[in-house]
Amino acid sequence: MLLPKKVKFRKQHRGSMKGIATRSNEVVFGDYGLKSLGRGWITARQIEATRRAMVRFIKREGKVWIRIFPQQAVTATPNETRMGGGKGAVSHYVATVKPGTVMFEMSGVTEKDARQAMKLAAYKLPVKARLAIKR
């Protein structure tokens, strides 16, 4: 699972997800990409499940790039805990995704295979996504 090696501060504010993606909004490395149409948090587990679905479908031919990284810490307090007592411990890490963000890229496969692999991958994600082709 992906997580930061070292962080300056353990706990973070939740941040803002408003606006559209101004960075990572074009296919750069591969020939095909999976572009987000919605906004949300994508956990490290969801990223790994998506990657595995794509790699398994293309039978390890071609190359897959992961363009998002889970660096936002999400905290959680235990159930049945009384109010007060501060912020909970870090439970997992998420990547913040805005509309237009290219999350995954792929090359070395046919367009038909890439389209099907990205479709399977999109089922694993909590945001709507579509295939993006390099210009």
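### Things to note about unusual backbone geometry
Right, so step 1: Positioned with a positive phi, Ser-24 is a non-glycine residue whose angle comes to about 50 degrees.
Right, so step 2: Within the fold, Ser-24 resides in the segment before β1 (32-36).
Right, so step 3: The phi dihedral of Glu-80 falls on the positive side, at around 60 degrees, and the residue is not glycine.
Right, so step 4: The exposed category is assigned to Glu-80, whose relative accessible area is 85%.

### Details of the sheet that holds strand β6 (residues 102-107)
Right, so step 1: One open sheet accounts for four strands, arranged β3-β6-β1-β7; its pairing is antiparallel. Because the sheet does not close on itself, it has two edges, and the strands there are β3 (63-66) and β7 (129-133). Each adjacent strand pair in this sheet contributes to an overall mean axis angle of 20 degrees, direction not counted.
Right, so step 2: Bridge count for β3 against β6 is four bridges, and the pairing is antiparallel. Within the sheet, the bridge partner assigned to Lys-63 lies in β6 and is Ser-107.
Right, so step 3: Against the sheet, helix α1 (residues 44-57) engages β3 and β6, with an angle of about 20 degrees to β6.

### A short note on a nonpolar patch on the surface
Right, so step 1: Nonpolar side chains collect at one region of the surface, where Leu-2, Ile-66 and Phe-69 lie side by side and expose about 220 Å² of accessible area between them.
Right, so step 2: Structurally, the position occupied by Ile-66 is in strand β3.

### What about the pattern of salt bridges?
Right, so step 1: Under the counting rule described, the total for this entry stands at three salt bridges.
Right, so step 2: Put simply, Glu-48 and Arg-51 hold a salt bridge, and the shortest N to O gap is 2.7 Å. Residue Glu-48 and its partner Arg-51 are located together in helix α1, separated by three residues, close to a single helical turn.
Right, so step 3: What makes Arg-51 partly exposed here is its relative accessible area of 27%.
Right, so step 4: Between Arg-67 and Glu-105 there is a salt bridge whose closest N-O contact spans 2.3 Å. On the criterion of sequence distance, the pair formed by Arg-67 in the loop between β3 and β4 (72-76) and Glu-105 in strand β6 is long-range, its members being 38 residues apart.

### Regarding α1
Right, so step 1: Across its 14 residues, α1 extends 20 Å between first and last C-alpha, which sits within 8% of the 20 Å expected from 1.5 Å per residue.
Right, so step 2: Every buried residue of α1 is accounted for by Ala-44, Ile-47, Thr-50, Ala-53, Met-54 and Val-55.
Right, so step 3: Where α1 is buried, its residues touch β2 (40-43), β3, β5 (89-97), β6 and α2 (111-123).
Right, so step 4: Just beyond α1, the residue with positive phi is Lys-59, at close to 50 degrees.

### Brief notes about the sheet that holds β4
Two pairing modes exist for strands in a sheet, parallel and antiparallel, and in both the strands are linked by backbone hydrogen bonds.
Right, so step 1: Read from one edge to the other, the open sheet built from three strands follows the order β2-β5-β4, with strand pairing classed as antiparallel. Strand pairing shows two members of the sheet lacking a second neighbour, β2 and β4, which therefore form its edges. Taken over all neighbouring pairs, the strand axes of this sheet differ in orientation by 50 degrees on average, direction set aside.
Right, so step 2: Taken together, the five bridges between β4 and β5 define a ladder with antiparallel strand orientation. By the bridge assignment for β5, Gln-72 is matched with Val-94.
Right, so step 3: The sheet contacts of α1 involve β2 and β5, and relative to β2 the element is tilted by about 70 degrees.

Each value, and the rule that gives it
- Residues numbered from 1 in each chain as written.
- Predicted model: local features only at pLDDT ≥ 70, side-chain atom pairs only at ≥ 80, totals over all residues.
- Heavy atoms only, no water.
- Helix = DSSP H or I, 4+ residues; strand = E, 2+ residues; numbered from the N terminus.
- Buried < 20%, exposed > 50% of the residue type's maximum accessible area, 1.4 Å probe, protein only.
- Pairing = 2+ DSSP bridges.
- Axes fitted to C-alpha atoms, helices over the stretch in contact; angles between N-to-C directions.
- Contact = heavy atoms within 4.5 Å.
- Patch = residues over 30% accessible without salt bridge, like charges linked within 9 Å, V, L, I, M, F, W, Y side chains within 5 Å.
- Areas by Shrake-Rupley, 256 points an atom, 1.4 Å probe, with all protein chains shown as cover.
- Salt bridge = Lys/Arg side-chain N within 4 Å of Asp/Glu carboxyl O.
- Expected span 1.5 Å × (residues − 1).

All we've got here are geometric facts, nothing functional implied.
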